[in-house]
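# Report on the structure
Each chain, letter by letter, is given below.
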Amino acid sequence: CLRDMVAWLTDTSNAHVGIYDATNATIERRLMLRTRLEACGFRTLFLESVCNDESIIQNNLMQTKLFSPDYKDSPPAEAIRDFNARIAEYEKVYETLSEDEQCSFIKTINVGQQLVVNQITGYVPGKIMSYLLNTHIMERDIYLSRHGESLWNVLGKLGGDPSLSARGHRYAYRLKQFVQEEFTENGRSLPLVWTSQLQRTRQTVTHIPTVHMCWRALNEIDAGVCEGMTYAQVREQMPHVAEARSKDKLRFRYPGGESYVDVIHRLEPVILELERQRESVLLVAHNAVIRAIYAFYMSMSRTDATTLDIPLHHVFKLSARAYGCELTVFDLSSDVDLSDNLAIEGT
């Protein structure tokens, strides 16, 4: 309830943004909320979704509301009747947001066909507006994979720009086969392919005949002065660095390099572009990067992201669904190890 959110924002040191999920259907109700929150020193921003396209409403109902916790034990027909009855009741009293209320608001119309903004100032409201400009409800899949095994993976070295190992090249060819099986053989258009600027990711997708895009933001976490070292060497030669990393992996920054927090921040434009895409994307990058993107879509904390197990030669398929993403994992490692079964072209 509102009281709990106010208490959380007031008493929690790292609480910055609260989302009060309620209908707030009338001008009177919204004025009460603003008065209460602004008296506590909080800025308010109202988000309104207006939909007058019946086809969108019914499609949304079938794809989302039937999977809502509100209807988990209800037959579909009963759930549809109940939700349509809710809409009818709200229509009797609903008052849409307008400039006359003298408040900050963002109004989306028919799921992003139009966006109306009013009195939007400041960093966070601007970021929210940018996010809403890029989101949609069309179904598509995001495929995440680390690059194939590199020569430095074999040696256990950090960072760098090494080439793929023999196993890594086999994975590149197996990934091409996977894309054929997943897309071409199912009558689907090939996905867009995004990689980092480092050669091991670009070599991993070299056999896939589709549009490739390199992102600097997808490069591996910068290990600074530790680039080219093994973890054992770091522990031996820089014990203070190894200790600091073990205590707070999320915020630890390699000397002259980056932290996980830095990586997460630079991935923001990538996330926005992923949200904007209307077709599937295959994203091939690095351990820290894949961890951060996976955690975002699977609603995991930033701290938990730093210890996610993202093994080489696996593909993680994220399918956007109501109330979260559906995960499918494809383990291609056994095929890569059966090298006799892969006739590698050009290697």
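Before going into details, it helps to say that this report is about the structure given with it. (Residues numbered from 1 in each chain as written. Predicted model: local features only at pLDDT ≥ 70, side-chain atom pairs only at ≥ 80, totals over all residues. Heavy atoms only, no water.)

Positive phi, normally seen in glycine, also occurs at Q102, with a value near 55°. Among the secondary structure elements, Q102 is positioned in the loop between α4 (76–93) and β2 (105–109). Despite not being glycine, H313 shows a phi value in the positive range, around 65°. When you line up the elements, H313 lands in the loop between α14 (302–305) and β8 (314–321). (Helix = DSSP H or I, 4+ residues; strand = E, 2+ residues; numbered from the N terminus.)

On to the packing of aromatic side chains. Counted under the stated rule, the structure contains seven aromatic pairs. Ring centres of Y294 and F316 lie 5.8 Å apart, and the angle between their planes is 80°; this geometry places the pair in the edge-to-face category. Of this pair, Y294 sits in helix α13 (residues 287–297) while F316 sits in strand β8, placing them 22 residues apart in sequence. The buried category is assigned to Y294, whose relative accessible area is 11%. (Phe/Tyr/Trp six-rings, centres within 6.5 Å; stacked < 30°, edge-to-face > 60°. Buried < 20%, exposed > 50% of the residue type's maximum accessible area, 1.4 Å probe, protein only.)

Scanning the model with the defined rule gives 18 salt bridges in all. Between R140 and E275 there is a salt bridge; the shortest N-O distance is 3.8 Å. Of this pair, R140 sits in the loop between α5 (123–134) and β4 (141–146) while E275 sits in helix α12 (residues 268–276), placing them 135 residues apart in sequence. In this pair, the class of R140 matches that of E275, namely buried. In this structure, E181 engages R174 in a salt bridge whose closest nitrogen and oxygen atoms are separated by 3.6 Å. (Salt bridge = Lys/Arg side-chain N within 4 Å of Asp/Glu carboxyl O.)

In this sheet, strand β6 (residues 212–215) lies alongside strand β5 (residues 192–196) in parallel orientation, the contact comprising four bridges. From the neighbouring strand, V193 faces β6, where its bridge partner is H212. Once the chain exits β5 it traverses helix α8 (residues 199–204) before rejoining the sheet at β6, and the crossover so formed is right-handed. (Pairing = 2+ DSSP bridges. Right-handed = clockwise from strand over helix to strand, strands pointing away.)

All right, on to the sheet that holds β8 then. Hydrogen bonds between backbone groups are what pair the strands of a sheet, and the pairing can be parallel or antiparallel. Taken in spatial order, the six strands make up an open sheet running β6-β5-β7-β4-β8-β9, and their pairing is mixed. The sheet terminates laterally at β6 and β9 (324–331), the two strands that pair on one side only. Across this sheet, the average inter-strand angle for adjacent strands is 20°, counted without regard to direction. Of the strand pairs in this sheet, β4 and strand β7 (residues 281–285) are connected by five bridges, and their pairing is parallel. (Axes fitted to C-alpha atoms, helices over the stretch in contact; angles between N-to-C directions.)

A few words now on the layout of surface pockets. Within this model, the second largest pocket holds a volume of roughly 460 Å³. The set of elements that each furnish at least two residues to the lining of the second largest pocket consists of α6 (151–155) and α13. The element that contributes the greatest number of residues to the lining of the second largest pocket is α13, accounting for three residues. Tallied by class, the residues present in the lining of the second largest pocket amount to ten nonpolar, seven polar and eight charged. (1 Å grid on protein atoms, 1.4 Å probe; cavity = no way out; pocket = protein on both sides within 12 Å on 5 of 7 lines; lining within 4 Å. Points joined across faces, edges and corners; volume = space filled by probe spheres on them. Nonpolar A, V, L, I, M, F, W, Y, C, P; charged D, E, K, R; others polar.)

Turning to the pairing of strand β3 (residues 114–118), a few remarks are in order. When a strand is regular, its side chains alternate between the sheet's two faces. As judged from the five bridges shared by β2 and β3, these two strands associate in the antiparallel manner. What sits directly across from I109, in β3, is Q114. In textbook terms, the turn of a hairpin is the stretch between consecutive antiparallel strands, and for β2 and β3 this stretch comprises four residues, one of which, N110, has a positive phi near 50°.

What follows concerns the sheet that holds β3. The strand order β1-β2-β3 describes an open sheet built from three strands, whose pairing is mixed. At either margin of the open sheet sits one strand with a lone partner, and together these are β1 (46–50) and β3. Shown here is a sheet whose adjacent strand axes are inclined to one another by a mean of 15°, direction ignored.

For E275, a relative accessible area of 10% gives the class buried. Separated by 214 residues in sequence, E275 and L61 place their C-alpha atoms 21 Å apart. Contact partners of E275, with chain neighbours within four places excluded, come to Y131, N134, T135, H136, R140, F296 and Y297. Among the polar contacts made by the side chain of E275, one reaches the side chain of Y131 at a distance of 3.2 Å. (Contact = heavy atoms within 4.5 Å. Polar contact = N/O pair within 3.5 Å; in protein donor to acceptor, adjacent residues only side chain to side chain.)

Running from N to C, α12 and α13 point in directions that differ by 50°, and their axes come no closer than 11 Å. As the angle between them shows, α12 and α13 are arranged oblique. Where α12 crosses over α13, the two elements pack in a sense that is right-handed. Contacts between α12 and α13 pair I271, L274 and E275 from the former with I293, F296 and Y297 from the latter. Looking at the contact of α12 with α13 residue by residue, the classes come out as five nonpolar, no polar and one charged. (Parallel < 35°, antiparallel > 145°, perpendicular 65-115°, else oblique. Left-handed = near helix turned anticlockwise from the far one by under 90°.)

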